[in-house]
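# Examining the three-dimensional arrangement
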Amino acid sequence: PDALEQKLADSLYRVTQPYRYGIFVNRQHRGAETAAMFRDLAMSGPVQERPWAYNGWQFSISDRQLVTRLLHKAVTLAPNFALGWENIAMAEDEQSFPEQALRDERKVLSVLAGDDQGLIRNDAVPFVKEWQQGSIDRNLGDFRAAALKIADVTQNQGGLLGGSAPTPGMLALDQADG
C-alpha cells in the first residue's frame, strides 16, 4: 500500500484494535511508541482494554519486577485473564521464584477451565493448556516431559500464538538434554 493507505490503516487499527495495534508497533521495534501507547491505554483507555494494555506494556520494559507489578494490575482488573497470569509466571520464573511461578502456572490452567476460557480465543486454549503443563513439568523438574509438551506446541501452533513459543521451548529442550 502507498503511504496514505498505510497511514489510514494505522489510524483505524489503532482505534478499533488498540492492543493488537500496539503489538504490531512493538514488532516493528518502536519501543518508546509502544510503551506510550500501552501506558495511555492502561491508564485511561476503555475498561475492557486495560488488562490487555498492562499486558502489552510489559514488552517495552526490561525491569522484571516492574513487569510483574504491571501484570498484577492486569489480573486485578480481570482475574480470569489467562495471558496475564501466564506472563506473571514467566516473569517470576525469570526472577528465580519457581514456587510462585508454579502457583501461577497452575492458576492459568484453572482459569482456562472456566466458562470464559481465560479471555483468550477458543482456538488458542488447547495450545496454552499444553504450554502451561509443560512449564509446570519444567518447574517440577520433569524436563523431558516439559520439552515434549512445549516442543509439540511450538511445532503445532503454526504462529497462532504470535510465534512466541520457541524461546521457552528451547530452554526446556536444553534442560532435557543436560
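Residues numbered from 1 in each chain as written. Predicted model: local features only at pLDDT ≥ 70, side-chain atom pairs only at ≥ 80, totals over all residues. Heavy atoms only, no water.

### Observations regarding the overall build of the protein chain
A tally of regular secondary structure across the protein chain gives 10 helices and 0 strands. When the helices and strands of the protein chain are placed in sequence order, the string is α-α-α-α-α-α-α-α-α-α. Counting only residues that meet the buried cut, the protein chain has 41% of its 178 residues in that class. Here the analysis covers contacts within the protein chain between residues at least 6 apart in sequence; of these, 44% occur between residues at least 24 apart. Put simply, the protein chain shows about 9800 Å² of open surface, and 55% of that area lies on carbon and sulfur atoms. (Helix = DSSP H or I, 4+ residues; strand = E, 2+ residues; numbered from the N terminus. Buried < 20%, exposed > 50% of the residue type's maximum accessible area, 1.4 Å probe, protein only. Contact = heavy atoms within 4.5 Å. Areas by Shrake-Rupley, 256 points an atom, 1.4 Å probe, with all protein chains shown as cover.)

### Section: the confidence of the model for the protein chain
Taken as a whole, the protein chain shows an average pLDDT of 84; of its residues, 87% reach a score of 70 or greater. Predicted confidence is poor over residues 163-178, with pLDDT under 50, and the contacts of this stretch with residues over four places away or in other chains come to 24 contacts. (pLDDT = per-residue confidence, 0-100.)

### Let's talk about the packing of helix α6 (residues 82-94) against helix α7 (residues 98-112)
For the pair α6 and α7, the least separation of the axes is 8 Å and the interaxial angle reads 165°. As summarised for this structure, α6 and α7 are arranged roughly antiparallel, according to the angle between their axes. Read as a crossing pair, α6 and α7 show a hand that is left-handed. Residues Ala82, Trp85, Glu86, Ile88, Ala89, Glu92 and Asp93 of α6 lie in contact with α7, whose contacting residues are Pro98, Gln100, Ala101, Arg103, Asp104, Glu105, Lys107, Val108, Val111 and Leu112. Of the residues that constitute the contact of α6 with α7, the class distribution is 9 nonpolar, 1 polar and 7 charged. (Axes fitted to C-alpha atoms, helices over the stretch in contact; angles between N-to-C directions. Parallel < 35°, antiparallel > 145°, perpendicular 65-115°, else oblique. Left-handed = near helix turned anticlockwise from the far one by under 90°. Nonpolar A, V, L, I, M, F, W, Y, C, P; charged D, E, K, R; others polar.)

### Regarding the side chain of Asn55
Within the fold, Asn55 resides in helix α4 (residues 50-57). Excluding residues within four positions of it along the chain, Asn55 makes contact with Tyr19, Leu71, Phe81, Leu83, Gly84 and Asn87.

### What to know about the pattern of salt bridges
Enumeration according to the criterion identifies 8 salt bridges in this entry. Across the pair Arg138 and Asp93 runs a salt bridge whose closest N-O atoms are separated by 2.6 Å. Note that Arg138 is positioned in helix α8 (residues 125-139) and Asp93 in helix α6, a separation of 45 residues in sequence. Through salt bridges with shared partners, a single network forms among Glu92, Arg103 and Asp104. (Salt bridge = Lys/Arg side-chain N within 4 Å of Asp/Glu carboxyl O.)

### Quick notes on unusual backbone geometry
The phi angle at His29 is positive, at roughly 60°, despite the residue not being glycine. As for its placement among the helices and strands, His29 is situated in the loop between α2 (18-27) and α3 (31-44). Backbone geometry at Leu119 places phi at a positive 65°, although glycine is not the residue there. Along the chain, Leu119 turns up in the loop between α7 and α8.

### Section: α2
For α2, the tally of buried residues reaches 7 of 10 residues, placing the bulk of the element in the interior. Of all the residues in α2, the buried ones are Pro18, Tyr19, Tyr21, Gly22, Ile23, Val25 and Asn26. Tucked inside the fold, the buried residues of α2 contact α1 (3-16), α3, α4 and α6. His29, located one to two residues past α2, shows a positive phi value of around 60°.

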